[in-house]
Amino acid sequence: MRQLGGTKIVSKMKFFGKFFGINSNYFVFETTSEPAAEPEGGGEEGEEGAKKGPWGRPVETIPVEAGIGPNANTYWVCSRPGDELYRLPDVTPLQIKTARQIKKFFTGNLKAEVSAYPPFPGVEENYLRAQIARISATCEIAPKGFYKAPEEGEEGGEGGPLEPDEEYQPLATAELQSLENWVHKNKYLNLQGRTTLFVPEKEEAEEAEEEEGEEKEEQPPSPEELEEIPGALTSIDTDKDLPQQGWKPWSLITSSTHKSLKHQVLGLRSAIWPGACTVVTPTGFSSVYIGWGMKHTPFVAPLPPPVLKEFEGLTPESLELPPIPKPPEPEAGEGEEGGEVDEE
C-alpha cells in the first residue's frame, strides 16, 4: 500500500480483499483517483477486449458508467504482496450481467480465458473486476448516519462517492448490534448491470412514424423497467433472506461474550457472499473480503438456445424414379444441309 500511495496519484486507498485462485491468489486494493488522473497499466487494452472479445464474445449495447456506480473507484491487483500492481479495467454492464449467470474459479492468470456458458465478454481480469463490483455493491456497509444522504442533483445521487457527515456521532456498542443501524454504502446494481436505468433513444424511423400519426402496438414494459430499485443508504435489515436455506443475509459476531468488556469489537458477516465481513471498533470501521469470489446461491445451468427450424424452401424427397432420358439424335452428315447431292 505504501508503494501504491507513493507512485500513483490517489486521494484515498484501502485494502479491498484477497481472492483465492487455483494457481495463485489475487490481492486487491481500492483507490479513489484524483479527477485529473489518467488510466495506467492495462486499462485501455482491458476495455477493448471486453467490447470485442478475443474469442468472439458478445458486443456491448449498454453504455458504461464512467467514474460513477461500479466504476467510481479504481482497483489494483497483484499476486503477492510487494509485486508490481496492475490496474484492472473498468467493468461494463454486460460483464456484470454475464457474471451473474456463471460460476467460475479464478486461475490466477489475468489473461486466461473464462470458459463458461453463456460466453463471458472478456478475460479473467474482466471477470475479477465484475465480481469486485458485485461484492462492493452488496457487502460494503456503514453505520447509519455516517454518510449523509445525497440530495437531488448532487454527484453522490447519481452513483458517485458519498461524503461523510461531519455531524455524525458514533453509535454505542449496543446500538451497533442492531441491523437497523447499518446501511449499504454503495448503490444497488440493477438488472442492466448499472446503478441507473438506461433507456435507448428512439430511432429516426420510429419518430417519423409517430409524427405521421401511424398507430403502433404498445410493447409491454421490460423487466428492467419494472424493477424496484432501492434508494441510497438503504438499511441492511430490509435485505431478503436466502431462498434455499432461509438464512438471514447478515449475522452479528463479537470478539467477546462479556458485555462489560471495555474495548469490544463487533463484526457483521455476509451469508450471501461468504468471506465478506465488516469490522467496527470504537475508532472506526472497515469492510474486507477474503474468499473464492463465489456467491452463495444455487447454480442453475442456463438452457441452451432453441433448436433452429428446418429449411422449408425445398420440396420433400420423392420415392419415384425420374423418367428415362431420350437418346440424343444423330448429327447430320456432310452435304445433307445443302439439299440434294450432285451425281457424277
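For the structure itself, consult the block above.
Enquirer: Explain the pairing of strand S3 (residues 74-78) to me, please; I cannot follow it from the model alone.
Expert: When a strand is regular, its side chains alternate between the sheet's two faces. Most of S3 is tucked away: 5 of the 5 residues are buried. Here S3 shows a buried face lined by Thr74, Trp76 and Cys78 and a second buried face lined by Tyr75 and Val77. In the sheet, S3 pairs with strand S4 (residues 86-87) via 2 bridges, with the strands oriented antiparallel. Within S4, the residue paired with Val77 across the bridge is Tyr86.

Enquirer: When you look at helix H4 (residues 124-139) in this model, what are you seeing that I'm missing?
Expert: Look at H4: 22 Å from first C-alpha to last across 16 residues, which is about the 22 Å you get at 1.5 Å a residue. When you tally the buried positions in H4, you get 15 out of 16 residues, the bulk of the element.

Enquirer: Before we go on, may I ask you to explain the environment of Phe106 in this structure?
Expert: With respect to the element layout, Phe106 can be found in the loop between helix H3 (93-99) and H4. Contacts of Phe106, omitting those with residues within four sequence positions, involve Phe19, Phe20, Gly21, Ile22, Tyr26, Glu124, Tyr127, Leu128, Gln131, Trp292 and Gly293.

Enquirer: Please clarify how the pattern of salt bridges should be interpreted in this entry.
Expert: Opposite charge on two side chains permits them to pair, given that their charged atoms come into close proximity. For the structure on display, the rule yields 6 salt bridges. Residue Glu125 is joined to Lys111 by a salt bridge in which the shortest nitrogen-to-oxygen separation is 3.3 Å. Of this pair, Glu125 sits in helix H4 while Lys111 sits in the loop between H3 and H4, and the two are 14 residues apart along the sequence. Between Lys248 and Asp241 there is a salt bridge, with its nearest N and O atoms 3.7 Å apart. One network of salt bridges, with partners in common, ties together Lys14, Glu140 and Lys185.

Enquirer: I would appreciate a short explanation of the packing of aromatic side chains in the present structure.
Expert: Geometrically, a pair of aromatic rings is defined through the distance of the ring centres and the angle of the planes. For the structure shown, the criterion picks out 13 aromatic pairs. For the pair Tyr26 and Phe106, a centre-to-centre distance of 6.0 Å together with 80° between the ring planes defines the contact as edge-to-face. Residue Tyr26 is found in strand S2 (residues 26-33), and its partner Phe106 is found in the loop between H3 and H4; the two are separated by 80 residues along the sequence. A residue is classified by how much of its surface remains accessible, and Phe106, at 0% relative accessible area, is buried. Put simply, the rings of Phe16, Phe19, Tyr26, Tyr75, Phe106, Phe120, Tyr127 and Tyr289 pair up and form one aromatic cluster.

Scoring rules and cut-offs
Residues numbered from 1 in each chain as written. Predicted model: local features only at pLDDT ≥ 70, side-chain atom pairs only at ≥ 80, totals over all residues. Heavy atoms only, no water. Buried < 20%, exposed > 50% of the residue type's maximum accessible area, 1.4 Å probe, protein only. Helix = DSSP H or I, 4+ residues; strand = E, 2+ residues; numbered from the N terminus. Pairing = 2+ DSSP bridges. Expected span 1.5 Å × (residues − 1). Contact = heavy atoms within 4.5 Å. Salt bridge = Lys/Arg side-chain N within 4 Å of Asp/Glu carboxyl O. Phe/Tyr/Trp six-rings, centres within 6.5 Å; stacked < 30°, edge-to-face > 60°.

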